[in-house]
Each structure stands twice: as structure tokens, then as C-alpha cells.
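These are the residues of each chain, in order.
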Amino acid sequence: MTSGKHSSSSNGHCSLVGAGPGDPEMLTLKALKAIQAATVLLVDDLVSDDIVAYARPDARIVYVGKRGGCKSTPQEFIEKLMIMAVREGENVVRLKGGDPFIFGRGGEEVEHLRAAGIEVTVINGITAGLAAVTSLGVPLTHRQHAHGVVFVTGHAKPGDEGTDWRALADTACKAKLTLVIYMGVSGAGRIQDELLTGLPPSTPVAVIQNATLATQRHITTTLGKLAAAISASGLASPSVIVVGDVVGGIAAAVENPALFRAA
């Protein structure tokens, strides 16, 4: 792992950096500075090449992709790489799509690094769940339509029962909440059936793939037609599913595109 540039282990450091939803212009200034200063970057599968291009020419770039349904780098191996590089004196950036602390395993990595006595800095990024719906001109909260928002994963780790969708649907209906579901496309049929126990079939839904990128696609439908609409559209991962009355505003934005333009 050594690059030959550092001999002291006392100067090593690790940052968990959120690269945002994909568009390099949506990086924070703090994230950009960290990427440019890194001597080693461990790069997530969802980070675009345009963002990696900000790294210094002599930085070592290691791709440690993790994506559901694909061959992934074991989490334990990634953590060992980070610890080893820091102990070799490297300035390590673990570069993650979205935000490190929203379904990015950032919490697990911070725990392991701190247990090894390593200082950690966390730099937030714009999470895809926010950027995706904003790109369509729709808010996640609205005084008339949604009093709050829930970010939830549609993918459970092996041996975990995962989200209690029935309980969540009941709460979302009573409390007027928007649901933002990450990694839910492959399980859309089950999610739809469970959510229908507490939410009406007419509940508006949007599915956004590759948010903020030139390849972004989306569909709008209703909860009762969610699985069929995804199947017909061919949308796949990485996509975000947004469920709630705020999605009803997308129709107006589509009909009058001149009235709204995402950044």
C-alpha cells in the first residue's frame, strides 16, 4: 500500500468524504479540498470519474466498489486498507457517493478507525435522496403535504429482517411523511405490497435513476402501480423511490418546465 512518499506513521490521517449525488458541481468546497490534498483515495463505485479527476496527479487511487447485486470489495478489507495506509503516513480519503453517514457505511468505518486509534474527519455530501427529488422541482417537505421525511433502505443485510414497511406506512399516513427509499428497486414489489397496508393506492410515487447526472431518468406513478411501472420503464439501480403527496407537484413542474430549473 505504501507509495514511497511517507515514512512516518504519526502524520497519517483519514477523511470520510461525501462526493454527493454524482454531478461534480455539487461537491462541497470542503470535499473538493480534501480530494485534492489526498495521497490515497479509496473510491466508492458510485463516484463519477469527473470527481475522481480532481485528485492530485501523484495520488494513489484504489477502487473499492460496493453495489448490490454486483461483485463487491469486502467491507473488512476496505477498513484494513484505510488503517494500513494511515499508519504508513498517508493522507487517506474514503470517497463515497452521496453522504458518508446516510447508507454509506460511514458509521461502521468510523468505529473501526477510532478503535485502531486513528483520527477521522467526516465531510458531508448532498445525499441522492434529496438531490433526486429536487432535480424534479419537488420538495421533500411542504407545510400542506408533508410534515417530515424518512430516509430508509430497501435493502437488508443477510440475516436482518429489514424495514417494517407496514409500520412505516401506518406512521407515514398518520404523520404526513414523505418516504425516500434507497436501494429499493429490486424489492419494489414487496415494498409496494407492504406499504399498501397503510397508504392508499393513489399515493403519488417518483422513481429517479442516476440523479443529477446526464443519464438521469425518472418516472412518476402511484403506489398501487409502482412495481409494474418500474418494470415497464426499465429503471434500475442506482435509483431512489420517493413516496408521498409532495410528488404530486411533479406534474406541474413537467407541464411548465420554464418555471423551474434545478441547479
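Predicted model, so just to flag it, every value in this text is computed and none were measured.

Rules used in this analysis
Residues numbered from 1 in each chain as written. Predicted model: local features only at pLDDT ≥ 70, side-chain atom pairs only at ≥ 80, totals over all residues. Heavy atoms only, no water. Axes fitted to C-alpha atoms, helices over the stretch in contact; angles between N-to-C directions. Helix = DSSP H or I, 4+ residues; strand = E, 2+ residues; numbered from the N terminus. Parallel < 35°, antiparallel > 145°, perpendicular 65-115°, else oblique. Left-handed = near helix turned anticlockwise from the far one by under 90°. Contact = heavy atoms within 4.5 Å. Nonpolar A, V, L, I, M, F, W, Y, C, P; charged D, E, K, R; others polar. Patch = residues over 30% accessible without salt bridge, like charges linked within 9 Å, V, L, I, M, F, W, Y side chains within 5 Å. Areas by Shrake-Rupley, 256 points an atom, 1.4 Å probe, with all protein chains shown as cover. Salt bridge = Lys/Arg side-chain N within 4 Å of Asp/Glu carboxyl O. Buried < 20%, exposed > 50% of the residue type's maximum accessible area, 1.4 Å probe, protein only. Pairing = 2+ DSSP bridges.

Novice: Requested: an account of the packing of helix H3 (residues 75–87) against helix H4 (residues 106–115), with residues and values cited.
Specialist: Two numbers describe how H3 lies on H4: the axes approach to 10 Å, and their chain directions differ by 45°. Classified by the angle between their axes, H3 and H4 sit oblique to one another. Considering only the axes of H3 and H4, their crossing is right-handed. Residues Gln75, Ile78, Glu79, Met82 and Ile83 of H3 lie in contact with H4, whose contacting residues are Glu108, Glu109, His112 and Leu113. The class makeup of the residues in the contact of H3 with H4 is 4 nonpolar, 2 polar and 3 charged.

Novice: Residues and numbers for a nonpolar patch on the surface, please.
Specialist: On the surface, a cluster of nonpolar side chains totalling about 320 Å² of accessible area is made up of Phe103, Val149, Phe151 and Met183. Here Met183 lies in the loop between strand E7 (177–182) and helix H7 (188–195). Given the relative accessible area of 41%, Met183 is considered partly exposed.

Novice: Give me the sheet that holds E7: which residues, what numbers.
Specialist: Strand order in this open sheet of 5 strands is E6-E7-E10-E8-E9, and the pairing throughout is mixed. For this open sheet the edge positions go to strand E6 (148–153) and strand E9 (217–222), each flanked by a neighbour on one side alone. With direction set aside, neighbouring strand axes in the sheet form an average angle of 15°. Across 5 bridges, strand E8 (residues 204–209) lies against strand E10 (residues 239–243) in antiparallel orientation. From the neighbouring strand, Ile208 faces E10, where its bridge partner is Val240. On the sheet, helix H6 (residues 165–175) packs against E6 and E7 and is oriented at approximately 145° with respect to E7. Together, E8, E9 and E10 form the strand contacts of helix H8 (residues 226–233), whose direction differs from that of E9 by roughly 150°.

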